[in-house]
Structure formats: structure tokens, C-alpha cells
Amino acid sequence: LEAVTMGKMKPNQEIIANMQAILNLLPNLNVEELVRSMLVKTNDMHMVIYLSALIRSVIALHDLVNNKIKYMDHDDGMVVQKEKAAK
């Protein structure tokens, strides 16, 4: 194509016809309804990604709190045993 645009080669009409056919098959993206539907779909996908990240972080925090409670109870039991052993 660059050689044709520079004038070094003659254009091949078969290639030009194939390119025109390919370009004619592309959808018209300037339709307002299509643009709106694409925006809605994109927003929905972003909302799902955001909610999944939010849920994952809440579950991680919940596990962290449960782990902290578990080890606090374990540490309290160790202190009581040490006090009994000291008496």
C-alpha cells in the first residue's frame, strides 16, 4: 500500500475491491443506541469487578478478625496456665 501511495506501483483493483468489501462489513459505530448499549455493558462489567474486589476484601478482613480472636483466646489460655503453674 505504501508503494501504491508513493506512486511506485499501480493499484491492484482486486485488492481495492476486497478492502472495500471488508470495510463495508464493519458496523456503524456512530449509532446512539449502540454507543449507549456499549457504555451500559462496560459499566456493568466494571461494577461486577468492583463488587468482587470489595467482597474479597471484606472476606479477608473477616478472616483476619477471626484469626486475631482465635489467637487472643489461645494467648489468654496460655497466661492462665502459666499463672496456675506459678502457684
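A brief structural summary. Remember, it's a predicted structure, so these values are computed and weren't measured experimentally.

Points about the overall build of the protein chain
The secondary structure content of the protein chain amounts to three helices and zero strands. Seen in sequence order, the protein chain has helices and strands lined up from the N terminus as α-α-α. When the 87 residues of the protein chain are sorted by exposure, 0% land in the buried category. Total accessible area computed for the protein chain in this model is approximately 8,600 Å², and 65% of it derives from carbon and sulfur atoms.

A look at the packing of aromatic side chains
Overall, the coordinates contain zero aromatic pairs when judged by the stated rule. One cation-aromatic arrangement involves Lys 70 over Tyr 71; the distance from NZ or CZ to the ring centre is 5.8 Å.

Here we look at a nonpolar patch on the surface
Together, Met 47, Tyr 50, Leu 51, Leu 54, Ile 55, Val 58 and Ile 59 give the surface a local cluster of nonpolar side chains, amounting to about 680 Å² of exposed area. Relative to the helices and strands, Tyr 50 is located in helix α3 (residues 32-86).

Reading the values: the criteria
- Residues numbered from 1 in each chain as written.
- Predicted model: local features only at pLDDT ≥ 70, side-chain atom pairs only at ≥ 80, totals over all residues.
- Heavy atoms only, no water.
- Helix = DSSP H or I, 4+ residues; strand = E, 2+ residues; numbered from the N terminus.
- Buried < 20%, exposed > 50% of the residue type's maximum accessible area, 1.4 Å probe, protein only.
- Areas by Shrake-Rupley, 256 points an atom, 1.4 Å probe, with all protein chains shown as cover.
- Phe/Tyr/Trp six-rings, centres within 6.5 Å; stacked < 30°, edge-to-face > 60°.
- Lys NZ or Arg CZ within 6 Å of the ring centre and 35° of its normal.
- Patch = residues over 30% accessible without salt bridge, like charges linked within 9 Å, V, L, I, M, F, W, Y side chains within 5 Å.
- Salt bridge = Lys/Arg side-chain N within 4 Å of Asp/Glu carboxyl O.

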